[in-house]
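A look at the structure
Here is how the chains run, residue by residue.
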Amino acid sequence: MDTGAAYGKFHRHSCACSPQVHKRVFTKEAGCEEFLHQLPHEYYDENMLHGLLISEVKDYEDCIRLTDSFLPFVDNWAVCDIMSPKVFAKHKEKLLAKIKTWSKSSHVYTCRFGIETLMSHYMDKDFKAEYLEIPASARSKEYYVKVMVAWFFATALAKQWDQAIPYIEQNRLAPWTHNKTIQKAIESYRITPEQKEYLRTLKMNSKEKLGIGE
């Protein structure tokens, strides 16, 4: 585990680290292991550091175990999104099964993490159209899940337009997520002007369709 790199990245992401976290400069594996098993943490900065340390774990099975142990304690988008284990890239086949499990979770940030991991690792050369069903099936009312699904599909429109656009044309996403996807795609420099113009024609406008008041 590259603890020095993780701690350095932690400082770059934290404006004002607490004294409690400043004490935790890990130079030995034993110190890391002890910290990673001290759940729940008391401070936000400790959770941020925890996520960064998990991202540096080199053994896939250990990384999955630590991730599964930590996710139930994640209670905000910043800690969720800072986790990006490098070892995942080397185990795409096994990782996909975990993504499907995480994405079905009723816990907001476990679900969000699953969808974000899918977006990070399967949107390019490992992409398959069937993977779009994973986020499309996440019909959560939680804001941080809905916005993650929109982010995913906006990215899919930028990278895999032909496979992703039917989900918009056929209204296969929840109304709020549908419109948020279009908004994010239109804001993207990776979407062509012609595509943006077409997306504007697909926006849902009626209060009934948008489910306003629900």
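Here's what I pulled together on the structure shown here. Everything numeric in this text was worked out from a predicted model, so none of it was measured.

Rules of the game
- All residue numbers here refer to positions counted from 1 along the written sequence of the relevant chain.
- The predicted origin of the model limits local features to residues at a pLDDT of at least 70 and limits the giving and counting of side-chain atom pairs to 80 or more, whereas totals for whole chains, interfaces and linings rest on all residues.
- Based on all heavy atoms of the structure, the side-chain values leave hydrogens and waters out of the count.
- For the purposes of this entry, the term helix denotes a DSSP run of H or I that reaches at least four residues, the term strand denotes a run of E that reaches at least two, and both are numbered from the N terminus.
- Exposure classes here rest on a 1.4 Å probe applied to the protein chains alone. A residue is buried below 20% of its type maximum, exposed above 50%, and partly exposed in between.
- The contact rule is simple, with two residues in contact once any of their heavy atoms fall within 4.5 Å.
- Throughout, the Shrake-Rupley method with a 1.4 Å probe supplies accessible areas, and for residues the shown protein chains are the sole cover considered.
- In this description, a nonpolar core means a group of buried Ala, Val, Leu, Ile, Met, Phe, Trp, Tyr and Cys residues linked to one another through side-chain atoms lying within 4.5 Å.
- To obtain each axis, a line is fitted to C-alpha atoms, and for helices this fit is confined to the stretch in contact; angles are then taken between N-to-C directions over 0 to 180 degrees.
- Roughly parallel means an angle under 35 degrees; roughly antiparallel, over 145; roughly perpendicular, 65 to 115; everything else is oblique.
- Crossings are assigned a handedness: left-handed for a near helix turned anticlockwise from the far helix by less than a right angle, right-handed for a clockwise turn.
- In this classification, the charged set is Asp, Glu, Lys and Arg, the nonpolar set is Ala, Val, Leu, Ile, Met, Phe, Trp, Tyr, Cys and Pro, and all remaining amino acids, among them Gly, are polar.
- Cysteine sulfur atoms are paired as a disulfide whenever they fall within 2.5 Å.
- Pairing of aromatic side chains here covers Phe, Tyr and the six-membered ring of Trp, requires ring centres within 6.5 Å, and sorts the geometry by plane angle: under 30 degrees stacked, over 60 edge-to-face, intermediate tilted.
- Salt bridges are defined as contacts in which a side-chain nitrogen from Lys or Arg sits within 4 Å of a carboxyl oxygen from Asp or Glu.

Some thoughts on the overall build of the protein chain
Counting its secondary structure elements, the protein chain contains 14 helices and zero strands. Evaluated residue by residue, the protein chain yields a buried proportion of 50% over its 214 residues. Residue pairs in contact within the protein chain that sit at least 24 positions apart in sequence constitute 67% of those at least 6 positions apart. Of the roughly 11400 Å² of accessible surface on the protein chain, 50% is carried by carbon and sulfur atoms.

Structural notes on the nonpolar core
Core analysis: the biggest nonpolar cluster contains 60 residues, and F88, F152, L157 and L199 have the highest contact counts within it. Of all the elements, helix α10 (residues 143-159) adds the most residues to this core, at eight residues. Residues contacting L157, with those up to four places away along its chain left out, are A164, I165, I168, T181, A185, I191 and L199.

Some words on the packing of α10 against helix α12 (residues 175-187)
At a minimum axis separation of 8 Å, α10 and α12 run at an interaxial angle of 50°. The angle between the axes of α10 and α12 places the two elements in the oblique class. You can see that α10 and α12 cross each other, and the crossing is right-handed. Counted together, Y143, K146, V147, V149, A150, W151, F153, A154 and L157 of α10 and W176, T177, K180, T181, K184 and A185 of α12 form the full contact between these two elements. Across the contact of α10 with α12, the residue classes tally to 10 nonpolar, two polar and three charged.

Things to note about the state of the cysteines
One pass over the structure, following the stated rule, counts zero disulfides. Sulfur of C80: no disulfide; nearest cysteine sulfur belongs to C111 and is 9.4 Å away.

Quick look at the packing of aromatic side chains
Inspection of the entire model under this criterion finds nine aromatic pairs. Aromatic side chains Y60 and F88 sit 6.2 Å apart centroid to centroid with 65° between the ring planes, which places their arrangement in the edge-to-face category. Placement of Y60 in helix α5 (residues 60-70) and of F88 in the loop between α6 (77-82) and α7 (92-103) is noted, with a sequence separation of 28 residues between them. Of the two residues, Y60 and F88, neither departs from the other in class, the shared state being buried. Ring plane angle 65° and centroid distance 5.7 Å describe the contact between Y143 and W176, whose orientation is recorded as edge-to-face.

A word on the pattern of salt bridges
The final tally for this structure, using the stated rule, is nine salt bridges. With a shortest N-O distance of 2.8 Å, K98 and D68 are connected by a salt bridge. Of the two residues, K98 is situated in helix α7 and D68 in helix α5; the sequence distance between them amounts to 30 residues. Given a relative accessible area of 30%, D68 falls into the partly exposed group. With its nearest N and O atoms 3.3 Å apart, the salt bridge here joins D124 to K159.

Focus on the environment of I191
Its place among the elements puts I191 in the loop between α12 and α13 (193-200). The class of I191 is buried, set by a relative accessible area of 3%. Between the C-alpha atoms of I191 and A154, which are 37 residues apart in sequence, the distance is 9.1 Å. The contacts of I191, once residues within four sequence positions are left out, are L157, A158, A185, K196 and L199.

Focus on the side chain of T67
Take T67: it is sitting in helix α5. The buried category is assigned to T67, whose relative accessible area is 0%.

Focus: the environment of I186
One can find I186 in helix α12. For I186, the residues in contact, after removing those within four places along its chain, are K196, L199 and R200.

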